[in-house]
Each structure stands twice: as structure tokens, then as C-alpha cells.
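Summary of structural features
In case you want the letters, here they are:
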Amino acid sequence: MSARALWPFAVLAVVAFLPTWQFLFGGQVPAPVDHVNSLPPWNGAPADSPIDILQLDGALQFLPWRELMLVSYKKGEVPIWNDHVMGGIPFMANSQSAPLYPLHIAWGLTDLSAEALLSFSAWLHLWIAGCGMFLLCRRLGGAVGGALIGATAVMLSSFFIGWLQLPSVVMTASWIPWAMVGVLRLFEEPTGKSVAKLALAIALMLLSGHLQIAMYGLLATGLYAIWLGASRRLIKTLAWVASALTFGLMVAAPQLGPVLENGREGHRAQPPTADGYRGYSALALTPRHLSVLVAPTVFGLPGEWVELEDGRAPSYWLSLEEQGRNYAELALYVGPVAIPLFLLGFAALWRRPEANFFGFLAVFALLVALGTFVTQAMYWGIPGWAATGSPGRIAILAVIAIGALAGAAIREDQERPTPVAVALAALFAAMLALFAFTQVAAEPQHPMQAASQASSLPWLIVFGIGACVAIACVSWRSLHAKTLVPICLLLAALAPAVAQRSVNPGADKGLFKQPFEGLEHLKGKLIAVVNDQWSLLGPGPMTIAPPNSLLPYGIRTLDGYDSLVPRKTKAVLDGINGQDSAPLANGNMMLIKPGFDPAKLRAAGVSHVISRHDLDLPVEESFPNWKLYRVGDVPSPESGRPATPRTYTLGLLLAMVGVFALFAISYRRNADSDTS
């Protein structure tokens, strides 16, 4: 590839800086460590931004996990086990730790920090997603300018921006466009190299760690292959897609095998039930949530305050009105030009199966997100689906579908939609804007809603301008239409970047692993941290050292926060507490609650307790806002760690075979001719 052909990728690298510059150059880290640092035992200053309970995972899970992973690699060890929480639990097998992801292995060979890893990863994976989308749009016949617009819309969508502080989601999602490119390439160029490239995209998607997003990616990849195979009557090419999937699974097997084994024994493993479906479908989107397609601020924004007469409150009022709602779970905004271009692209290319698939993929994703019969069929019909999170997360497929057709609408071949198609696209965009306006203009029920509605009016206007420019750009049969392409690109980049500028406030670097008074008293012991309150709005008033926050100091605690907790571990903790160890707001968080049984605590090896509650135990030391209690003498700890999982050993063998096979088939001249 010539240097001249690389300039679009350089443009996308700059676009990826728009929401991440403060993490790379501004001295901040994409994790709200400041909210944790404000609690005892640190007793730091209150955070400047409102808390986002979903983003808090960046500080309580991903940053401590990355730290543990890097420490292990620096010792020359593969991080298979986590000794620091819940008395010891699997680490590699929790999936989202993603220790075998290539970037993480490479980072472990350097002296760079976990904070630097999160910051760089945020930028890198936005760029990876953009490059994949650019190549997909180009494969669909989009011009360079159109492909840049489609890629930018996806990179700066509310999905990627909203999930930026939960890196496993963004990492996994960034490889889905590459898998779609891989399928299309394999049907157009059935070579061994095409098989290898698709397999590599699948492997990286699985190694990235978020299994629900990976399942969405595999689902979209499989549906695309079936769609192309049926429409082009190239059913035998599906065998090569299946082989790519097999090789991808083999390469990811060392991490995927332990994850699946742990998942079968995990606390979230459950058969589908009527009660479970009611809870699952309650998290689906409702029609009014679709107004974010036009106005991203209609329900407020995380990371932003709104000033009221009696003080200030978080701007994102929907989390107060509908418990459990989060900006990232309603992640459908793609800027002001992508949706009009998507409609025009579908109208112009509806006869082409490689392109019209994305129109149906967008509809399918919206049907799942809205909790329809499709959602119900997937919950009951797909094994393991009952353990997944909110159905709204399938928005990633809608976002990718919109970006793909938007990028393909501005054609390399100057193909134009018919006047009827243009009129229908304009009518649909106008109806969508009108629907959003009804939400923005509705009678506000409280001051926070009034503030968000006022801030949404400019974005309605921007959408209208973007729609007009996009429609003119595609339908205007004049050479002057080309001058509108850069304007579309600017709107696609600047509008979402400005609208969502407060979504990821981050925290100052250096707060992570901040020393605190009493630190030396906790080292070398197994500690029980007593907490009882944790809500969907954040930690309670008596919270101290939330689960996983002491892990970076090498302090072992009996509580913990993990994506897959072994049922045996949870049963032990429930026995100590005499009740469910998880708070109602978070089933993955295991607490030691004030009513614990001291005898069972000692039997588990705990010698000391830290708490803000007054406990009926001897006080060993008192510190500002917390006390260290002594439980008593404990039995000698068992020596050694659990054996390396056999699934990991078998996975290594499969990965070696898979990598060798990929190198071998890369030199086969033509995959299709080999079967003829």
C-alpha cells in the first residue's frame, strides 16, 4: 500500500483523538478513580463530576485487573489466578481481564503502567474500529470521502463514547467491522489469505474479553455469511467461513476454554425462566428512547451537572426516573449525517445483497433492543443468552449497519438514488426529527428535564442541517456536490464530539494506588472489608474501600467484584453473611455485610476487619473515618495455588495448531479452486 493510500487512516487516527486526547496528553486516565479516592481509607477530595455507576467499573475492575496482569507478566507468570479477592478466584477465566489479548501481552513486556495502558487502548481501539469501518465502506463501493464519514460516525457514536471507560466492550466491538470485512472479502476473493484474515479478526474479537459483544459480533458475521451465500448461490463458500470461525476459535482457545469452563460453574449460569426474562426485558429500550438518534442530550449527559435552585444534580436524569438506565445502554446516536446517508444508501443499493444486508441488520438490532418477539426468541432459543446483560447493547450492530450504508451512499461510481428514494429518505428523516422534537418539546416534569430539553434544541437543528447537506451531497447531480463531502465529514466528527464532550470526564493520573494512613496495618493479612450499601446511583454513605480497590496494593480481601464468580465461592460468602452477599444493584459484587458470622470469618482465614460501622469486635487501630478490628487467630493458610486448568493447556495446543494452520493456508493460491 502506497503512502498516498494511507492518508485516510491518518485522518481516522486524528478523529480518534477527539474523545481521547485528555487521556493521551491531558494527564487523565479513563477510569473514575477520583470517586473511589474520595472514600475511606483515602479520604480524598470529592470528585468534580457526578458518578456514573457503569463507568465506575473502570476504576473497580479494569484498572485493578490490568495492574494485576502487568505485575504477573513482569514476574514472568501468565496471570491465571487472582489471589487478592474472595479468597482466590480464577483471573483469566473471568473473560474481561483479557490477559492473552496481544496488546496486553506486549504491554507486559514494558515498564509502562496500567493507567497508560487504559489511556492508549481507548485511542487505539477507536482507531481500529474506524479503520475496519473504512475498509468495509470501501468494499461496499463507497468513495473515500463517504467511507471516512461512515467510519467517523461509528467511532464517535454514543456506543463507543459511552463505553470508553469499560475497555473490554470497546476492544471487542472494534473488531466486529473487521469480521464483516473478512466475510465480504472471502466471498469476493476466496483465497487462503482471506480465510486467515477472517479467522484473525474472530480470534481478536474473542480475546478482547466481552463475551456478550463477541456473541453479537459472531451473530452478525454468521448472518452476513448466510445472507451472501444464499443470495449469490455460493453455498460452498460458507464452508470456508466455517473454517475461518474454527481457526479463530482455536487461536482464542487458551483464554476461551477456561472462560467457558468457569462460566458453567459461575454464579450467573442459569436456565432461562419467566422471571428471568421479565428482568431481562425490563432493560430493553422503549420507543421514546429512540429520540437519542437525533438529540443525544435529551435525557441529560453523564459527567455533567445541572444547576438547580437548591444545589446541583447529575444531568442524566433518566437514571433517577428509570432505575438502571445508563447513557451507554441507550447508545444509538451516530451524528447528524449518518442516518440520512444510511437511508439513501439503502435506497440506492437495495438490490445488492452485500449492501442491503446492513439495512436489515439495523432493523434486526433495533427489534432486539426494543424487547420484541425477536428478543424473546433469542433469550429462550440461544443457549447461554439468559446470562447476558441488557438487550440494548445490541445497539453496536445497529451503529455498524448505519455506518456501513452511510459510508457506501457516497459512491465511487457516482451512482445516485432515484428521486422517489430521495423523497422517502427525506420524509423518514423528517419524521424521526419530528418524533425527537415531541420529546424535547414535551412538558418537563422537573427542572433537570427542562435543562436537558433546552440543551437538545441545538442538536435538533444540527440534525436538520446535516440531513439537508447529506441529501444534497448524494442526490445533487452536479460536480459541486463533491464540495459537500468535506462538510458532511466535519459535521460527522464535530457534532458528536462536542455533544458528548462531558461523557468521559476521567480522573487525574496519580490517584491510582495513592498511599493512605493505615496502609501498613493491612499488608500481609486476609482482610474482611465490611460494606452493606451499594445502589444504582453509587456507593452508600458508609462505604469503605469498595471491592477490588485494595487489590493494586497487594492486599488480600474476602470481598470482591468480578464478572464470573464461582458458585462455590459465592456459597461460602453467603454462609459467612447469612444472606446474599451481592447487593441488589449489582449481582457481580460480593460484599462482607455487617451481620457476618465472626467464627465463619476466622474459618475462612480472616484475621482483621476494616469498617465504618461499629462492630462488636476488639478495635486494634482507629483511623479517620474507619477502624481496624481484630477477629482473632486464624488457621494456617493452605500452601500453593490451584493447578493450571486443563482447558488452558489444551487451549495452548489448539492455538499452536491454529496459528500454524493459518500460516499454511495463507500461501494457498485460491480457497475456492481447492474445492473444485
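Throughout what follows, the structure given in this document is the object of discussion. Since the model is a prediction, treat every value here as computed from it, not as a measurement. (Residues numbered from 1 in each chain as written. Predicted model: local features only at pLDDT ≥ 70, side-chain atom pairs only at ≥ 80, totals over all residues. Heavy atoms only, no water.)

Observations concerning a nonpolar patch on the surface
- Residues Leu 650, Leu 652, Leu 653, Leu 654, Met 656 and Val 657 make up a contiguous nonpolar surface patch of roughly 530 Å² in combined accessible area.
- Inspection of the secondary structure puts Val 657 in helix 25 (residues 646-665). (Patch = residues over 30% accessible without salt bridge, like charges linked within 9 Å, V, L, I, M, F, W, Y side chains within 5 Å. Areas by Shrake-Rupley, 256 points an atom, 1.4 Å probe, with all protein chains shown as cover. Salt bridge = Lys/Arg side-chain N within 4 Å of Asp/Glu carboxyl O. Helix = DSSP H or I, 4+ residues; strand = E, 2+ residues; numbered from the N terminus.)

Description of the packing of aromatic side chains
- Considering all chains together, one arrives at 27 aromatic pairs under this definition.
- Where Phe 9 meets Phe 134, the ring centres are 5.2 Å apart and the plane angle is 70 degrees; that geometry is what we call edge-to-face. Taken together, the residues Phe 9 in helix 1 (residues 7-17) and Phe 134 in helix 6 (residues 114-139) connect sequence positions 125 residues apart. (Phe/Tyr/Trp six-rings, centres within 6.5 Å; stacked < 30°, edge-to-face > 60°.)

Remarks on the pattern of salt bridges
- Enumeration over the complete set of coordinates arrives at 16 salt bridges.
- Between Lys 523 and Glu 520 there is a salt bridge whose closest N-O contact spans 3.8 Å.
- The partner of Lys 570 in a salt bridge is Asp 580, and the shortest N-O contact between them spans 2.8 Å. With a gap of 10 residues between them, Lys 570 in helix 23 (residues 567-577) and Asp 580 in the loop between helix 23 and strand 12 (589-590) connect regions that are remote in the sequence.
- Using a relative accessible area of 16% as the deciding quantity, one classes Lys 570 as buried.
- For Asp 580, a relative accessible area of 41% corresponds to the partly exposed category.
- Linked through salt bridges whose partners overlap, the residues forming this network are Arg 139, Arg 185, Glu 188 and Glu 189. (Buried < 20%, exposed > 50% of the residue type's maximum accessible area, 1.4 Å probe, protein only.)

Thoughts on the nonpolar core
- Counting residues in hydrophobic clusters, the biggest one holds 226 residues, and the most contacted among them are Phe 159, Phe 358, Val 609 and Ile 610.
- The element best represented in this core is helix 6, accounting for 14 residues.
- Residue contacts for Phe 358: discarding those within four places in its chain leaves Leu 136, Leu 140, Met 180, Tyr 224, Phe 342, Ala 401, Ala 404 and Leu 405.
- Listed in part, the five residues of the second largest apolar core include Trp 459, Val 462, Ala 495 and Ala 499. (Core = buried A, V, L, I, M, F, W, Y, C linked by side-chain atoms within 4.5 Å. Contact = heavy atoms within 4.5 Å.)

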